[in-house]
Amino acid sequence: MKVLVPVKRVIDYNVKVRVKADQTGVDLANVKMAMNPFCEIAVEEAVRQKEKGAATEVVAVSIGPVQAQETLRTALAMGADRAILIQTDQDLEPLAIAKVLAAIVAEEAPDVVIMGKQAIDGDNNATGQMLSALLDWPQAAFASELVLSAGSAKVTREIDGGLQTLEVALPAVITADLRLNEPRYASLPNIMKAKKKTLDVKELSALGVDTVPRLKVVKVVEPPKRTGGVKVENAAAIVSNLKSNGVI
Amino acid sequence: MAVLVFADHDNTTLKDGTNKTVTAALALSSDVDVLVAGKGAGDVAKAAAGIAGVRKVLHAESDALGQGLAEAISGLIVPLMAGYDALLTPATSLGKNFSPRVAAKLDVAQITEVVEVVDGSTFVRPIYAGNALETVQSSDAKKVITVRATNFKAAADGGSAAIETIDAGPGAGKTAFVDQKIVRTARPDLTAAKIVVSGGRAMGSAEEFQRVIDPLADKLGAAVGASRAAVDAGYAPNDYQVGQTGKVVAPDLYVAIGISGAIQHLAGMKDSKVIVAINKDGDAPIFQVADLGLVADYKTAVPELMDALTAAGK
């Protein structure tokens, strides 16, 4: 069974994001970048499925600038077998990414796509669902447990108020939620080994996919700041304050 | 311009997020219809018909719709969109699951977690865990939008829209429902609660989380929430998670116990009216947004808080 894992290069989740003064976007100059955390969970899951014997090959793919090769090397160091970079400096919307991924799926013919539920930059939580729609494949989003078997996958997913288990016919798209697993740190020997694994680079333009943006960013601003209030001495002061202000 | 609003419900009760999404829809058009897709959801359809400003309620019934399967809901909505210019869905787990599927089938962008409607094609939405607000203008003929319901006032009741039963659509195809575990609780729903009590990683274990947070929540009649760190560590279920990657809440009172206040958590609760924080680290970022802060170990502060509430007649 072949697994395709799309990964995205984003601002490291520990970095404080700054909005540019000209309101055109977020400042990415000289900022630490890393693999999107939900993508890490997806890579980890694919690698675990291979280690369990449920999957045979894990192919990581990224769509982004030349530096996204580093993100793919991280995936290779975690245990992916090979990688593909669709190189572009264009900032693509989820629908365009889904279309590019659909073109890669047509070439690679994976049995399952495992990807993060959300990238922490755009926070759209849309690409996986869109990919499954474009392919007319079943989807199982927000997975917290995945059992792959021949021809189908049993997926437990996080829903409002609890958990739901679905059985989807393969091929399918599965998106990873927080509790699916805890991603490993790549060991130094595996980082060295990853340097020798195959990483194919293709130009986005070579795929002939429509990636014209549908949304124009008018402006990006900082949210209104909430100002802190007072510190109180003890718990009784909290209650008397809440009571006198009619909160409780 | 006609707008379709997807009703959020559990097949029995219409959720408040629907009324709030209707408010967002009425900012776009006065022709607002509500779709109730479910199983045995007749009461939900009646409740939706009672929302002021709603023109018509469309009601579809099937097992797959009742189970909230994305393929079934998307398959129902896509043909309906021939008669609408926009689809607005509350950004719940259910909405986030199927709405992008509808957008892709219509070949349009999804405009995610809208917090403000500027005009018929311009919307404000948070990015980077709420650290930036992006204003986007859509060039698509049809808009597919998810709405962060807490940013809109609930549309009032008092309407009397007609209910039209419609065909359930093509079903879920190659996706089969196996089972579902919904945690039944007497506590209010997290996203609709007037008071929320949340615990963080400081709790140290699931048992401690339940020992400390649950009684305080029950005393206040509050819903229970948790930080991502507490969920990550397995102290609380994922469903409790308040934050950019979890639930966004805006209660009258938010009580944060042992939560440091990571950016991603603040994004989920900073619109609360009053924020109370108890944390032993006086430099924790949670105090920068808290109206009332107490620098103390929760182990002593929470019992004192319980006593003070009892003394105040709670």
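Note that the structure is predicted; figures quoted are calculated from it, not measured.

One broad trend across soluble globular proteins is that nonpolar side chains are buried collectively. Ranked by size, the top nonpolar core spans 129 residues in total, and within it Val5, Val43, Ala60 and Ala80 of chain A together with Ala48 of chain B carry the most contacts. Broken down by element, this core gets its largest block of residues, nine residues, from helix 3 (residues 94–108) of chain A. Those residues in contact with Val43 of chain A, other than ones at most four positions away along the chain, are Val5, Val7, Ala60, Ala75, Met78, Ala80 and Pro183 of chain A. Formed by 66 residues, the second largest nonpolar core is a distinct cluster that contains Leu190, Val197, Ala267 and Val289 of chain B.

The next subject is the domain arrangement of chain B. Residues and elements named next belong to chain B. Segmentation of chain B into domains returns domain 1 (2–165) and domain 2 (195–311). With centres defined by C-alpha atoms, the gap from domain 1 to domain 2 works out at 31 Å. Counting residues at the interface gives six residues for domain 1, matched by eight residues for domain 2. Here the residues of the side of domain 1 that touches domain 2 are counted per class, giving two nonpolar, three polar and one charged.

Okay, the sheet that holds strand 5 (residues 82–87) of chain A next. Spatially, the 10 strands line up as an open sheet ordered 11(A)-5(A)-4(A)-1(A)-6(A)-10(A)-7(A)-8(A)-9(A)-11(B), and their pairing is mixed. Each edge of the sheet is formed by a strand with only one pairing partner; in this case those strands are strand 11 (199–203) of chain A together with strand 11 (175–182) of chain B. Strand-to-strand, the axes of this sheet are offset by a mean angle of 30°, without reference to chain direction.

This brings us to the sheet that holds strand 12 (residues 195–199) of chain B. Here we have six strands laid out as an open sheet, ordered 13(A)-16(B)-15(B)-14(B)-12(B)-13(B), and parallel in their pairing. Strand pairing shows two members of the sheet lacking a second neighbour, strand 13 (230–232) of chain A together with strand 13 (223–226) of chain B, which therefore form its edges. On average, each strand axis in the sheet is tilted by 20° relative to the strand beside it, whichever way the strands run. Pairing analysis gives four bridges linking strand 15 (residues 274–279) of chain B to strand 16 (residues 292–295) of chain B, with the strands arranged parallel. Paired with Val276 of chain B across the two strands is Leu292 of chain B, which belongs to strand 16 of chain B.

What counts and what doesn't
Residues numbered from 1 in each chain as written. Chains lettered and ligands numbered in written order. Predicted model: local features only at pLDDT ≥ 70, side-chain atom pairs only at ≥ 80, totals over all residues. Core = buried A, V, L, I, M, F, W, Y, C linked by C-beta atoms within 7 Å. Buried ≥ 20, exposed ≤ 12 C-beta atoms within 10 Å, placed from the backbone. Helix = DSSP H or I, 4+ residues; strand = E, 2+ residues; numbered from the N terminus. Contact = placed C-beta atoms within 7 Å. Domains from an automatic or database assignment. Nonpolar A, V, L, I, M, F, W, Y, C, P; charged D, E, K, R; others polar. Pairing = 2+ DSSP bridges. Axes fitted to C-alpha atoms, helices over the stretch in contact; angles between N-to-C directions.

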